[in-house]
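# Inside the fold
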Amino acid sequence: MVVACPLCGKKNEWKGNPFRPFCSERCKMVDLGAWAGEEYRIPGDRADDEEGETIPDTRAVPPRPADPAA
Ligand SMILES: [Zn+2]
């Protein structure tokens with residue numbers, strides 16, 4: 001049986017493929033990484049970030065509109 005890799009679409013043999021349904025370990029890891037990096041993010045974990053982090057340097061660079069007349 002030949003299946004298409006859900007990540008890159010490359011056809012690969014299902015039988016004997018340790019990375020199925022992916023074509024390779026790379027695609028498997030990429031998919032896992034994407035899942036862990038984005039979808040697994042918990043809303044509200046930014047509160048933890050602020051706890052130990054320094055304040056962002058927003059004050060050092062005050063927002064100002066572009067001035068084409070300058
Ligand atoms: Zn693939």
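Structure: see above.
Reference entry: report on the structure contained in this document. Quantities reported herein were computed from a predicted structural model and do not represent experimental measurements.

## Some points on the overall build of the protein
Across its full length, the protein carries two helices and two strands. Element order for the protein, N to C, with α for helix and β for strand: β-β-α-α. In the protein, which comprises 70 residues, the proportion classed as buried is 3%. The long-range share in the protein, meaning contacts at least 24 apart out of those at least 6 apart in sequence, stands at 3%.

## Focus: the environment of lysine 28
Positionally, lysine 28 belongs in helix α1 (residues 25-39). For lysine 28, a count of 18 C-beta atoms within 10 Å corresponds to the partly exposed category. In sequence terms lysine 28 and leucine 7 are 21 residues apart; their C-alpha atoms lie 8.0 Å from each other.

Calculation rules
- Residues numbered from 1 in each chain as written.
- Predicted model: local features only at pLDDT ≥ 70, side-chain atom pairs only at ≥ 80, totals over all residues.
- Helix = DSSP H or I, 4+ residues; strand = E, 2+ residues; numbered from the N terminus.
- Buried ≥ 20, exposed ≤ 12 C-beta atoms within 10 Å, placed from the backbone.
- Contact = placed C-beta atoms within 7 Å.

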